[in-house]
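Here is what each chain is made of, one letter per residue.
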Amino acid sequence: MNEQRKDILDMLAEGRITVVEAERLIVALERNQPPTAPGPDARPKGTAKYLRVVVDAVEDGEPARVNVRVPLQLLRAGVRLAALIPPQALGKVNAELNKSGMPFDLTQLKPEQLEALVDHLDEMTVEVDQPDATVRVFCE
Amino acid sequence: MPQLLTVRVERPDGRPVRVRVPVLPVIVVLSPVVVLVALVAAVACLVHRVSVVRAFGTGWRIVSALPGTRVDIAQGRTAVLVAIR
């Protein structure tokens, strides 16, 4: 809540202005406010084209930077590869995952679910801040 | 379909090396190899009981989605950039 709006509500609470006057003041206040600048959140959903991974780090005293841009279409095409994996190969992978303590059944993972996952990447932002490294994963 | 592959390498001595590879002419030049690879891939699909049409369809989708991909890695004065347009 901004300061001016708070002042109007305070005046209303103290009985210095009526409800109608408070409403008029708030409407006038909203009319006079400049439009907010469009930020990353202002982007309509589903319009992201790329997945970006940006890593800034310091290694051996030298600055290191990794900047990867992957089209989301490429991810969508990639998840279709999962449908091509032969069932016997999935069985072997499941067995190895179980051995490693990850009881995960890859046969239950459907391409449609993976595509839905890629579709919702649009709304995802991951930021990791470490003293010597920063990682950002987002869509644009 | 990718048109141009750009690889740029910056060495510690500051000399950049830039290579631009026009994808289509290279594929045309290497077409005998491409056909051979496609045949081997088709046989591998049949051996593993994977639909050849689906496999090639997925492969084509992946290749078509490559434009716009950009990988930029820099450490100190060394940098590598790979961009597909």
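How each quantity is defined
Residues numbered from 1 in each chain as written. Chains lettered and ligands numbered in written order. Predicted model: local features only at pLDDT ≥ 70, side-chain atom pairs only at ≥ 80, totals over all residues. Heavy atoms only, no water. Helix = DSSP H or I, 4+ residues; strand = E, 2+ residues; numbered from the N terminus. Contact = heavy atoms within 4.5 Å. Areas by Shrake-Rupley, 256 points an atom, 1.4 Å probe, with all protein chains shown as cover. Patch = residues over 30% accessible without salt bridge, like charges linked within 9 Å, V, L, I, M, F, W, Y side chains within 5 Å. Salt bridge = Lys/Arg side-chain N within 4 Å of Asp/Glu carboxyl O. Lys, Arg positive; Asp, Glu negative; His and termini not counted. Charge placed at Lys NZ, Arg CZ, Asp CG, Glu CD. Buried < 20%, exposed > 50% of the residue type's maximum accessible area, 1.4 Å probe, protein only. Buried area = accessible area lost by both parts, 1.4 Å probe. Polar contact = N/O pair within 3.5 Å; in protein donor to acceptor, adjacent residues only side chain to side chain. Nonpolar A, V, L, I, M, F, W, Y, C, P; charged D, E, K, R; others polar. Pairing = 2+ DSSP bridges.

The name that an unreviewed UniProt entry assigns to chain A is YvlB/LiaX N-terminal domain-containing protein, with the source organism given as Micromonospora echinofusca.

Engineer: Describe the overall build of chain A, naming the residues involved and giving the relevant values.
Structural biologist: Regarding its fold elements, chain A presents five helices and four strands. Starting at the N terminus and ending at the C terminus, chain A contains elements arranged as α-α-β-β-α-α-α-β-β. Excluding contacts between residues fewer than 6 apart, the proportion of contacts in chain A whose partners are at least 24 apart in sequence is 47%. Looking at chain A as shown, the accessible area adds up to about 10000 Å², and 57% of this sits on carbon and sulfur atoms.

Engineer: Quick one: what's the story with a negative patch on the surface, residue by residue and with numbers?
Structural biologist: All names here are of chain A. A surface patch of negative charge is lined by Glu59, Asp60, Glu62 and Asp132. Within the fold, Asp60 resides in the loop between β1 (50–59) and β2 (62–71). For Asp60, a relative accessible area of 76% gives the class exposed.

Engineer: Lay out the interface of chain A and chain B with the relevant residues and their values.
Structural biologist: Bring the parts together and some accessible area is lost; that lost area is often taken as the interface size. Opposite the 20 residues of chain A that make contact, chain B presents 19 residues. Summed over both partners, the interface of chain A with chain B comes to about 1700 Å²; 59% of that surface belongs to carbon and sulfur atoms. The largest share of the area that chain A buries against chain B comes from Arg69, Leu74 and Leu84 of chain A, three residues that together contribute 30% of it. There are zero salt bridges connecting chain A and chain B. For the pair chain A and chain B, the interface holds six residue pairs in polar contact (both at pLDDT 80 or more). Secondary-structure elements contributing two or more residues to the side of chain A that touches chain B are β1, β2 and α3 (72–79) of chain A. Ranked by the residues each element gives to the side of chain A that touches chain B, the list is headed by β2 of chain A, at nine residues. Counted by class, the side of chain A that touches chain B contains 12 nonpolar, three polar and five charged residues. Across six bridges, β2 of chain A lies against strand β3 (residues 70–75) of chain B in antiparallel orientation. Opposite Asn67 of chain A, over in β3 of chain B, you have Asp72 of chain B as the bridge partner.

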